[in-house]
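Spelled out from the first residue to the last, the chains are:
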Amino acid sequence: KFKIIFAKLQHLNKFVLVKILNMDDNTKQTFDELFKDSDNNYCFECGAPSNHWASVNNGIFLCLNCSGLHRGFGVNISFVRSVTMDPWSDL
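On a predicted model such as this, the values are computed, not experimentally measured, just so you know. (Residues numbered from 1 in each chain as written. Predicted model: local features only at pLDDT ≥ 70, side-chain atom pairs only at ≥ 80, totals over all residues. Heavy atoms only, no water.)

Draft legend 1. The arrangement of the pattern of salt bridges in detail. Within the structure shown, the criterion is met by three salt bridges. Here Lys28 ties to Asp32 by a salt bridge, and the two come within 3.0 Å at their closest N and O atoms. Taken as a pair, Lys28 and Asp32 lie in helix α1 (residues 25-36) at a separation of four residues, close to a single helical turn. Overall, Lys28 belongs to the partly exposed group, its relative accessible area being 25%. Assessed through its relative accessible area of 36%, Asp32 is described here as partly exposed. (Salt bridge = Lys/Arg side-chain N within 4 Å of Asp/Glu carboxyl O. Helix = DSSP H or I, 4+ residues; strand = E, 2+ residues; numbered from the N terminus. Buried < 20%, exposed > 50% of the residue type's maximum accessible area, 1.4 Å probe, protein only.)

Draft legend 2. Broad picture of the sheet that holds strand β4 (residues 60-62). Taken together, three strands build an open sheet; the order of strands is β4-β3-β5 and the sheet is antiparallel. Either end of the sheet is taken by a strand with one partner, and the two such strands are β4 and β5 (80-82). This sheet shows a mean twist of 30° between the axes of neighbouring strands, independent of strand direction. The sheet contacts of helix α2 (residues 64-73) involve β3 (53-55), β4 and β5, and relative to β4 the element is tilted by about 115°. (Pairing = 2+ DSSP bridges. Axes fitted to C-alpha atoms, helices over the stretch in contact; angles between N-to-C directions. Contact = heavy atoms within 4.5 Å.)

Draft legend 3. Examining α1 more closely. The end-to-end C-alpha separation of α1 is 17 Å, in line with the 16 Å expected for twelve residues at 1.5 Å each. Residues Thr27, Phe31 and Phe35 constitute the buried set of α1. Relative to the axis of α1, the buried residues are bounded by an arc of 75° and lie together on one face. Residues of α1 that are exposed and point more than 90 degrees away from the buried face comprise Asp25 and Lys36. (Expected span 1.5 Å × (residues − 1). Arc of directions from axis to C-beta.)

Draft legend 4. Just the state of the cysteines, in detail. For the coordinates displayed, the defined rule picks out zero disulfides. Left unpaired, Cys43 is separated from the closest cysteine sulfur, that of Cys66, by 3.7 Å. In this structure Cys43 comes out as buried when scored by relative accessible area, which is 4%. Unpaired in terms of disulfides, Cys63 finds its nearest cysteine sulfur in Cys46, a separation of 3.7 Å. For Cys63, a relative accessible area of 5% gives the class buried. (Disulfide = S-S within 2.5 Å.)

Right, here's the structure in full:
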């Protein structure tokens, strides 16, 4: 049920262990394509080089700190999910 993969984060140039819950190959491929765009490798709000969170309804990637702020807005304003820890359905 759980897939564990090694992902090379190009913006950090490090290998990290990433646990992905229920992410099918098509969804993973979609994220891989999105992260090829250099703008998607940074937080939309503060520009930090960490983007492991996403505001689904706003279509932006966020860092951990800004994801917490967005969660505080409520899901009607910003529905935040972890790119690696939350399950994603086919995009």
